[in-house]
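Examination of the molecular architecture
Residues per chain, in single letters:
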Amino acid sequence: MTQTLTAPATPPVRKGGGGARPPRSGSRRPGWTPWLYLAPALVVLAGLLVYPVYQLGLISVLEYTQAQVSGGEPTSFQGLGNYQQLFTDPQFWQVLTATVVFAALCVLSTLFVGCAFAVLLTRIRALPRLALLIASLGAWATPAITGSTVWMFLFDADFGPVNRLLGLGDFSWTYGRYSAFALVLLEVVWCSFPFVMVTVYAGIRAVPTEVLEAASLDGASQWRIWRSVLAPMLRPILLVVTIQSVIWDFKIFTQIYVMTDGGGIAGQNLVLNVYAYQQAFASSEYSLGAAIGVVMLLILLAVTLVYLRLMRRQGEEL
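Here the structure is a predicted model, which is why all the values come from computation and not from measurement. (Residues numbered from 1 in each chain as written. Predicted model: local features only at pLDDT ≥ 70, side-chain atom pairs only at ≥ 80, totals over all residues. Heavy atoms only, no water.)

Quick notes on unusual backbone geometry
Here the phi dihedral of Ala266 falls at roughly 60 degrees; this positive angle occurs in a residue that is not glycine. Among the structural elements, Ala266 can be located in the loop between helix 12 (254-259) and helix 13 (272-282). You can call Ala266 exposed: its relative accessible area is 81%. (Helix = DSSP H or I, 4+ residues; strand = E, 2+ residues; numbered from the N terminus. Buried < 20%, exposed > 50% of the residue type's maximum accessible area, 1.4 Å probe, protein only.)

Set out below in structure tokens:
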């Protein structure tokens, strides 16, 4: 007895497109739903960021001194007059140059020390690694004013242990311009390198061990492994910590103000943040201080845009 197999009947297809249509490709647009979720955070950001920046830009184009603050004189619109006064002041360009050079030295030193300690963490045992991490994170968690005060005591001309160990006698580190900048640089690196160290160490731990073992078997030194293997693979991480270090060190205030007593002798250790503070609050030229703040904001925005451009060029998702 044989059994015949018949194909299942297919429903007739109507002419004129009455049959079942295939599902449309793509998904529906989310519309306003994501923005509704982001609305509370955007409101907070607008209050904490947008409004202060707006006020900063507004004050920078007005004549806003102690007379206007107290109500003795009316506020008048100056346009770009404050910026013209700022850009024609030789001291502003001296302070800007000092800020750029000092920030660059801080960033390079922080990256060097942080990367060196990150590599060291991969070469030592668990207990010394834990001790180094705790000590470094303690330096990172120390408030800037506290760390600056401690460093001032360590390098004090009369009671500091550093001068005694180095045999420098009553040498004052804050009297000379370059020695004062060097002292502040050491403190900035001390409290900043742990962030670079932890970030780069996490990146190194994510690198496959087979790659490092292959480089070691090929006879590469530690410096060659870092330069030819680790650095290219950690480029996105190094780029992030570099840009963040640039932003932090460019707008440094507390260390300079505390360790050089407000900018050093005759303002020889001024940076832009301290210079803006002096113009705004010491001289009551609030409009000039706001103009300096706007210039700093534009410089840091330019650095951020360069960072985003580099990330796009490397194919990283933003």
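From this point, the discussion proceeds with the structure in view.
Some thoughts on the packing of helix 10 (residues 222-233) against helix 11 (residues 235-250)
Between helix 10 and helix 11, whose axes approach to 4 Å, the crossing angle comes to 70 degrees. Between helix 10 and helix 11, the angle falls in the class roughly perpendicular. Residues Trp226, Ala231, Pro232 and Met233 of helix 10 form the contact with helix 11, whose participating residues are Arg235, Pro236 and Leu238. A class-by-class count of the residues in the contact of helix 10 with helix 11 yields six nonpolar, no polar and one charged. (Axes fitted to C-alpha atoms, helices over the stretch in contact; angles between N-to-C directions. Parallel < 35°, antiparallel > 145°, perpendicular 65-115°, else oblique. Contact = heavy atoms within 4.5 Å. Nonpolar A, V, L, I, M, F, W, Y, C, P; charged D, E, K, R; others polar.)

Thoughts on the confidence of the model for the protein
Regions with low pLDDT should not have their predicted coordinates read in detail. For the protein, mean pLDDT is 86; residues scoring 70 or higher make up 89% of the total. Per-element mean pLDDT across the protein ranges from 81 in helix 2 (residues 66-70) up to 95 in helix 4 (residues 90-121). (pLDDT = per-residue confidence, 0-100.)

Focus: the packing of aromatic side chains
Enumeration over the complete set of coordinates arrives at 19 aromatic pairs. Ring plane angle 65 degrees and centroid distance 6.1 Å describe the contact between Tyr64 and Tyr286, whose orientation is recorded as edge-to-face. On the criterion of sequence distance, the pair formed by Tyr64 in the loop between strand 1 (62-63) and helix 2 and Tyr286 in helix 14 (residues 286-313) is long-range, its members being 222 residues apart. Take Tyr64: its relative accessible area is 26%, and that puts it in the partly exposed class. Taken together, a centroid distance of 5.5 Å and an interplanar angle of 10 degrees make the contact between Trp151 and Phe155 stacked. For the pair Trp151 and Phe155, a shared accessibility class is recorded, and that class is buried. Through a chain of ring-to-ring contacts, three or more aromatic side chains come together here, namely Tyr64, Phe253, Tyr257, Tyr277, Phe281 and Tyr286. (Phe/Tyr/Trp six-rings, centres within 6.5 Å; stacked < 30°, edge-to-face > 60°.)

A word on helix 5 (residues 126-141)
Given a rise of 1.5 Å per residue, 16 residues ought to cover 22 Å, and the 22 Å separating the end C-alpha atoms of helix 5 matches this to within 8%. Within the sequence span of helix 5, burial applies to Arg129, Leu132, Ser136 and Ala139. One side of helix 5 carries all its buried residues, which in axial view fall inside an arc of 95 degrees. With respect to the buried face of helix 5, the exposed residues turned more than 90 degrees away are Ala126, Leu127, Ile134 and Ala141. Buried-residue contacts for helix 5 involve helix 4 and helix 8 (177-205). (Expected span 1.5 Å × (residues − 1). Arc of directions from axis to C-beta.)

A closer look at the nonpolar core
Grouped together as the largest cluster of nonpolar side chains are 36 residues, with contacts concentrated most on Phe102, Ile256 and Leu272. At the level of elements, helix 3 (81-87), helix 4, helix 8, helix 12, helix 13 and helix 14 are the ones that each hand at least two residues to this core. Examining the composition of this core, we find that seven residues originate from one element, helix 4, more than from any other. Among the nonpolar cores identified, the runner-up in size contains 23 residues, and Ala118, Met197, Tyr201 and Trp226 belong to it. (Core = buried A, V, L, I, M, F, W, Y, C linked by side-chain atoms within 4.5 Å.)

Side note on the environment of Thr122
Tracing the backbone through its elements, the reader meets Thr122 in the loop between helix 4 and helix 5. For Thr122 and Ile204, which are 82 residues apart along the polypeptide, the C-alpha to C-alpha distance reads 8.1 Å. Aside from chain neighbours lying at most four places away, what touches Thr122 is Tyr201 and Ile204. In terms of polar contacts, Thr122 uses its side chain to reach the backbone carbonyl oxygen of Val119, at 2.5 Å. (Polar contact = N/O pair within 3.5 Å; in protein donor to acceptor, adjacent residues only side chain to side chain.)

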